[in-house]
Amino acid sequence: MSENSVQAAKPKPSVTAVRVSKSIVGQDEIDAVSRVMSDGFLGMGTEVQAFEADIARFLGTDGDVICVSTGTAALQLALQSAGVTTGDEVLVPSLTYVASYQAITATGATPVSCDVREDTGLIDLEDASQRLTPRTRAILPVHYASNTAGRSELKSFAKAHDLRIVEDAAHSFGCRDADGNLIGTDGDLVCFSFDGIKNITSGEGGAVVSFSAESTARIQDARLLGVEKDTEKRYSNSRSWNFDVVEQGWRYHMSNIMAAIGRVQLGRLAEFAEARRSLAKRYQDRLRDVAGIELLNIDYDGLIPHIFPVRIVASGTTRDVVASELSSAGFQTGIHYMPNHLLSKFKTPYALPVAERLGQELISLPLHPGVTFEEQDQIIAALTDIVAGG
Ligand SMILES: *Cc1c(COP(=O)(O)O)cnc(C)c1O
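Keep in mind the model is a prediction, meaning the values are calculated, not measured. Sequence order sets the numbering: in each chain, residues are counted from 1 along the sequence as written. Given that the model is predicted, a residue must reach a pLDDT of at least 70 before its local features are reported, and side-chain atom pairs must reach 80 or more before they are shown or counted; all residues, however, enter totals for whole chains, interfaces and linings. By convention in this description, side-chain values take in all heavy atoms of the structure and omit both hydrogens and water.

Student: In this structure, what is going on with the packing of aromatic side chains? I would like to understand it.
Tutor: Aromatic ring pairs are defined here through the distance separating the ring centres and the angle between the ring planes. For Phe, Tyr and Trp, rings pair up if their centres lie within 6.5 Å, where Trp contributes its six-membered ring, and each pair is then called stacked (planes under 30 degrees apart), edge-to-face (over 60) or tilted (otherwise). Going through the model one piece at a time under the given rule, you end up with ten aromatic pairs. A ring pair is formed by Y144 and Y337, whose centres lie 6.2 Å apart and whose planes are at 65°; its orientation type is edge-to-face. Separated by 193 residues along the polypeptide, Y144 in the loop between β4 (136-139) and α7 (151-160) and Y337 in the loop between α12 (319-328) and α13 (353-361) bring together distant segments of the chain. With a centroid separation of 4.8 Å and an interplanar angle of 25°, the aromatic rings of Y283 and F308 are classed as stacked. Of the two residues, Y283 sits in helix α11 (residues 269-287) while F308 sits in strand β9 (residues 308-312), which places them 25 residues apart along the sequence. For the pair Y283 and F308, a shared accessibility class is recorded, and that class is buried. Put simply, DSSP marks the helices as runs of H or I at least four residues long and the strands as runs of E at least two long, and each gets a number from the N terminus on. For the exposure calls, accessible area comes from a 1.4 Å probe over protein chains only, and a residue counts as buried if that area is under 20% of its type's maximum, exposed if over 50%, partly exposed in between.

Student: Explanation requested: the packing of helix α4 (residues 71-81) against helix α5 (residues 98-106) in the structure shown.
Tutor: Any two packed helices are characterised by the angle at which their axes cross and by the distance between the axes. For helices, the fitted axis covers only the stretch in contact; all axes are lines through C-alpha atoms, and the angles between them, taken along N-to-C directions, range from 0 to 180 degrees. Contact geometry for α4 and α5: axes closest at 8 Å, N-to-C directions at 40°. Between α4 and α5, the angle falls in the class oblique. Seen from above, α4 lies across α5 with right-handed handedness. Packed against α4, whose contacting residues are T72, L75, Q76 and L79, the element α5 presents A99, S100, A103, I104 and A106 at the interface. Note on angle classes: values under 35 degrees are labelled roughly parallel, values over 145 roughly antiparallel, values of 65 to 115 roughly perpendicular, and the remainder oblique. Handedness of a crossing follows from how the near helix is turned relative to the far one, being left-handed for an anticlockwise turn of less than a right angle and right-handed for a clockwise one. Between two residues, a contact is recorded if the distance between any of their heavy atoms is within 4.5 Å.

Student: Please clarify how the sheet that holds strand β10 (residues 362-365) should be interpreted in this entry.
Tutor: If you walk across this open sheet you meet the three strands as β8-β9-β10, and the pairing is antiparallel. A strand with exactly one partner marks an edge of an open sheet, and here the two such strands are β8 (293-295) and β10. On average, each strand axis in the sheet is tilted by 40° relative to the strand beside it, whichever way the strands run. Strands were regarded as paired on the criterion that DSSP finds at least two bridges between them. Here four bridges tie β9 to β10, and the two strands are oriented antiparallel to one another. Pairing of F308 across the sheet is with L365, part of β10. Sheet strands in contact with α13 are β9 and β10, and its direction is about 100° off that of β9.

Student: Which parts of the structure should I look at to understand the site of the ligand?
Tutor: In these notes, residues near a molecule or strand are those with any non-hydrogen atom within 4 Å of it. Near the ligand you find 16 residues, and of these G71, T72, D168, D195 and K198 are the closest. In this description, accessible areas are obtained by the Shrake-Rupley approach with a 1.4 Å probe, and a residue is regarded as covered only by the protein chains that are shown. Contact with the protein chains removes 95% of the 380 Å² of surface that the ligand exposes when unbound. Residue assignment for the shell around the ligand shows that the elements contributing at least two residues are α4 and α5. Under the scheme applied here, ten amino acids are nonpolar (Ala, Val, Leu, Ile, Met, Phe, Trp, Tyr, Cys and Pro), four are charged (Asp, Glu, Lys and Arg), and all others, including Gly, are polar. Taken together, the residues of the shell around the ligand break down into five nonpolar, eight polar and three charged.

Student: Quick question: what am I supposed to make of unusual backbone geometry here?
Tutor: Leaving glycine out, the prevailing phi sign among residues is negative, and the prevailing peptide bond configuration is trans. Between H336 and the following residue, Y337, the backbone shows a cis peptide bond with an omega angle of 5°. Although it is not a glycine, D162 adopts a positive phi angle of roughly 55°. With a relative accessible area of 69%, D162 lands in the exposed category. The phi dihedral of L225 is positive, around 60°, even though this residue is not glycine. Looking at the secondary structure, you find L225 in the loop between α8 (213-222) and α9 (230-235). When its relative accessible area of 43% is taken as the criterion, L225 is described as partly exposed.

Student: How do you make sense of the sheet that holds strand β5 (residues 164-168) when you look at a structure like this?
Tutor: Strands in a sheet are paired, the pairing made by backbone hydrogen bonds, and the direction either parallel or antiparallel. The strand order β1-β7-β6-β5-β4-β2-β3 describes an open sheet built from seven strands, whose pairing is mixed. Two strands in the sheet have a free side with no partner beyond their single neighbour: β1 (64-68) and β3 (110-114). Geometrically, the sheet is characterised by an average inter-axis angle of 25° between neighbouring strands, direction not taken into account. Across the sheet, helix α3 (residues 46-59) touches β1, β6 (189-193) and β7 (206-210), and the angle it forms with β1 is around 135°. Running over the sheet, α7 touches β2 (89-93), β4 and β5 and is turned about 150° from β5.

Student: What am I meant to see in the pairing of β9 here?
Tutor: In summary, the side chains of a regular strand alternate between the two faces of the sheet. Counting buried residues in β9 gives five out of five residues, a clear majority hidden from the surface. Direction of pairing for β8 relative to β9: antiparallel, over a ladder of three bridges. Pairing of L295 across the sheet is with V310, part of β9.

Student: Got a minute to help me understand α13 in this structure?
Tutor: Think of an α-helix as 3.6 residues a turn; residues three or four steps apart then line up on the same face. Residues V354, A355, L358, G359 and E361 constitute the buried set of α13. Contact partners of the buried residues in α13: β9, α12 and β10.

Student: Would you take a moment to explain the pairing of β4 for this structure?
Tutor: Looking at chain direction, β2 and β4 are connected through three bridges and run parallel. Pairing of V90 across the sheet is with A138, part of β4. Both β4 and β5 contribute to a ladder of two bridges, which runs parallel. Residue pairing across strands places A138 opposite R164, the latter belonging to β5. Looking down the strands as they point away from you, a crossover is right-handed if its path from the first strand over the helix to the second goes clockwise. A crossover connection joins β4 to the parallel β5 through α7; in handedness this β-α-β unit is right-handed.

Student: I keep staring at the state of the cysteines and nothing clicks. Help me out?
Tutor: Covalent bonding between the sulfur atoms of two cysteines is what defines a disulfide. Defined by distance alone, a disulfide is two cysteine sulfur atoms within 2.5 Å. Scanning the model with the defined rule gives zero disulfides in all. Note on C67: no disulfide assigned, nearest cysteine sulfur contributed by C191 at a separation of 12 Å. Look at C67 and you get buried, because its relative accessible area is 0%. Note on C114: no disulfide assigned, nearest cysteine sulfur contributed by C191 at a separation of 17 Å. The class of C114 is buried, set by a relative accessible area of 0%.

As structure tokens, then:
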């Protein structure tokens, strides 16, 4: 209704609008939600337990999968379970969703903004090493644009400096790393997001994969107000009436309704993966030699790309002009991301030149399983024309 009236007030785009990202849900998800609604147990119960088991089986992981309300909650609880607290510092790349930063400050710790590598947008460990202090407790790397490169270097870095690693794998559910391992089969604490537009969705939602019994217990308790061992009770459809609480907890659990959606989506991941990967490879092939555009250095084999950012480096135009012209042509774009160290809450006294440059140049092109090759060809043609000064 309101969407229609907004549409009518604007000049009609010449072609049907293609969104930059989109939830892909259908009758199976609707049926799954209906089933939970009919069962009548909407909160956290056996459906969530089943989703956790499905994820663990899909990944083939020895770690414990703990589902929570959002990817942001997953990051916050993972940090909390690692003992990150007030007075601690966490190294984080500036080029990420503000969720990574807010999850850190939610624990009382301080995000320490690091620069990123120009070719990938991934955290620059050289820069990070300059920002270590005796208070540095953890590093929070982001698999930017689903790129899982550099995990072994991260592990060596963390080991050398005695840091916990909380991986922001919000972009990389279902992706493999350079060694061929699925993300979530090894590491320290790995965090996924299942929000509406990620590789799979549970409506909203997230998960932590934990590789230590201590972290698992702390995350399980902390997602349910710190009530000790409440998870076991809920999975047998009972409640704790007599309990103890020793730690700060939150209402960050997942509901059965969300889990039901997530379980269907997990079964569709192969379909989504194929669509996303082939779109990303087609963009890469067709934009590689276009003057004025720089691509990130990403090998899409083994990845399920969540976004497709490119850099606008044309002399005659800017990213914002390109965005507005693509929008007029009916193609929505995104900015992933505004560097966080420029935001008021996270302002740094130092510059991060690469993140700042990428923050000006990056534009994300439509990428989701609903984009057709025909639409993609139109986007590529429009973009090529714009950067050529057409
Ligand atoms: C989506 C996202 C998150 C947060 O996930 P939510 O489920 O939206 O809370 C964190 N980090 C990155 C990089 C993301 O893209």
